[in-house]
Amino acid sequence: MADSNWIENNFELINARLNFAITTFSSTYGFFNQGADSNIPKIMNNFWDAIEYSLMGGKRIRGLLVLASAQAYSKKDFSTNTNVLEKTEQEFFELLLDAAAAIECIHAFSLVHDDMPCMDDDDLRRGNPTSHIKFGEATALLVGDALQTLAFQILTGREAFQLIRFRLVKILAQASGANGMAGGQAIDIAVAGEKIKLQDLEFMHSMKTGALLESAIEMGSIMVDNKNNTNNLELKNFAKFLGLAFQIVDDILDATGEEKTLGKKVGRDLHLQKPNFVQLMGINKARKYADYLLESALKSIKKLDASADPLRMLAEKLIHRVN
Ligand code: IPE
Ligand code: IPE
Ligand code: MG
Ligand code: MG
Ligand code: MG
């Protein structure tokens, strides 16, 4: 059985790694040497504050999936005894956390841009005003840019496990780009106000949300098994089912959730005429479909031992979430 504090412990570790990244990378520039009469230090401090603001909060699902999928194969829960690691293990643990933090940077960037007036025009995110409401559109746009590159700075920031880091960069770039999240978002914008087929909706969801979620699981598994890609077919299927189910639940929550618990405005999809699963199937069928996908996801990993319990726990939690 997975430790009942698994999610909490790893959630804290991911947040600590993100805070560390902000502290480290914000101090590596020379902007504080500009002299007393310069405004640049203030401008740059404000920009880093905006980056930090946009990164904080959130459930850290993608980062947690990275760690859970690594654990399924490594059979090691690093979150419990980090003090006693020998050097290689410590470096491997850092690799895991870098991957988890990097994917959360990409996700945060996608949210900042998703909320902008030219996209979903949302004013509430993670219980707080969205980045463009708080800092203005131009800054929000640039925060998104900076978060995207921060992900790759984190992944390439250490030398140990270079080949694996190279593969992580490749997977993450692929999942967030034109054939992944960004492409899915392009479809989402283009089909607003239109009727689309279920098959196309599934395709759109698999790109805009599924790709990044699937990449979390792939990143976790290749860190443990860098050479052999074939034996993780079970995890690939698990990720596909879960990725789709995750966005279906997001669609359901948009229709049935509460602003206070959700931390974002509800009813936005209907307002923006975004085709989604609730609109296409109704709430009951969408719920049943999400449950079926969860069952299928769990079935795909039924041969994995108890080290995959964090994955199972996360899957259940994601599909039954209220925020
Ligand atoms: C929201 O993702 C956007 C989608 C892709 C559906 P999350 O529900 O994971 O958002 P946070 O990170 O917890 O805020
Ligand atoms: C967002 O989907 C997917 C992203 C790539 C960010 P939504 O637009 O439905 O996400 P929310 O509901 O605003 O979080
Ligand atoms: Mg959107
Ligand atoms: Mg949105
Ligand atoms: Mg939504």
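Residues numbered from 1 in each chain as written. Chains lettered and ligands numbered in written order. Predicted model: local features only at pLDDT ≥ 70, side-chain atom pairs only at ≥ 80, totals over all residues.

Visitor: Outline the overall build of the protein, supporting the account with residue identities and numerical values.
Guide: A count of helices and strands for the protein gives 15 helices and 2 strands. The C-alpha radius of gyration computed for the protein amounts to 20 Å, which stays within 12% of the reference 20 Å derived for 323 residues, consistent with globular compactness. Taking the principal axes of the C-alpha coordinates as reference, the protein spans close to 60 × 45 × 35 Å. Looking at the protein as a whole, 41% of its 323 residues qualify as buried. (Helix = DSSP H or I, 4+ residues; strand = E, 2+ residues; numbered from the N terminus. Rg over C-alpha atoms; globule rule 2.2 N^0.38 Å. Buried ≥ 20, exposed ≤ 12 C-beta atoms within 10 Å, placed from the backbone.)

Visitor: Explain the site of ligand 1 to me, using residue names and the numbers behind them.
Guide: Taken together, G58, K59, I61, H107, R126, T209, Q247 and D250 form the complete shell of residues around ligand 1. Its residues assigned to classes, the shell around ligand 1 comprises 1 nonpolar, 4 polar and 3 charged. (Near = placed C-beta within 6 Å. Nonpolar A, V, L, I, M, F, W, Y, C, P; charged D, E, K, R; others polar.)

Visitor: Lay out the site of ligand 2 with the relevant residues and their values.
Guide: S110, L111, D114, D120, D122, M181, Q185, K208, T209, D250, D254 and K264 make up every residue found near ligand 2. Counting residues per element, the ones that place at least two in the shell around ligand 2 are helix 4 (87-114), helix 8 (181-190), helix 9 (198-224) and helix 10 (233-256). When grouped by side-chain class, the residues that make up the shell around ligand 2 number 2 nonpolar, 3 polar and 7 charged.

Visitor: Run through the environment of D123, naming residues and quoting values.
Guide: The topology assignment puts D123 in the loop between helix 4 and strand 1 (124-125). Residue class for D123 comes out partly exposed when judged on the 14 C-beta atoms lying within 10 Å of it. Expressed as a C-alpha distance, the spacing of D123 and I133, which sit 10 residues apart in the sequence, is 6.3 Å. Sequence-distant contacts of D123, defined by excluding residues within four places in its chain, comprise P129, T130 and I133. (Contact = placed C-beta atoms within 7 Å.)

Visitor: Explain helix 1 (residues 6-26) to me, and be specific about the residues and the numbers.
Guide: What sets the pattern is the α-helix's 3.6 residues per turn: residues three or four places apart point alike. Between its terminal C-alpha atoms helix 1 stretches 30 Å, which fits the 30 Å expected from 21 residues at 1.5 Å a residue. Regarding helix 1, the residues found buried are W6, I7, N10, F11, L13, I14, R17, L18 and A21. Down the axis of helix 1, the buried side of the element spans an arc of 165°, and every buried residue falls inside it. When the buried face of helix 1 is taken as reference, the exposed residues oriented beyond 90 degrees from it are E8, A16 and T23. Those residues of helix 1 hidden inside the fold are in contact with helix 2 (40-55), helix 3 (61-74), helix 4, helix 6 (137-155) and helix 15 (309-319). (Expected span 1.5 Å × (residues − 1). Arc of directions from axis to C-beta.)

Visitor: Please give an account of the nonpolar core that cites residues and values.
Guide: By size, the foremost hydrophobic cluster in this structure holds 82 residues, and its most contacted members are C105, L147 and A245. With 14 residues, the top contributor of residues to this core is helix 4. (Core = buried A, V, L, I, M, F, W, Y, C linked by C-beta atoms within 7 Å.)

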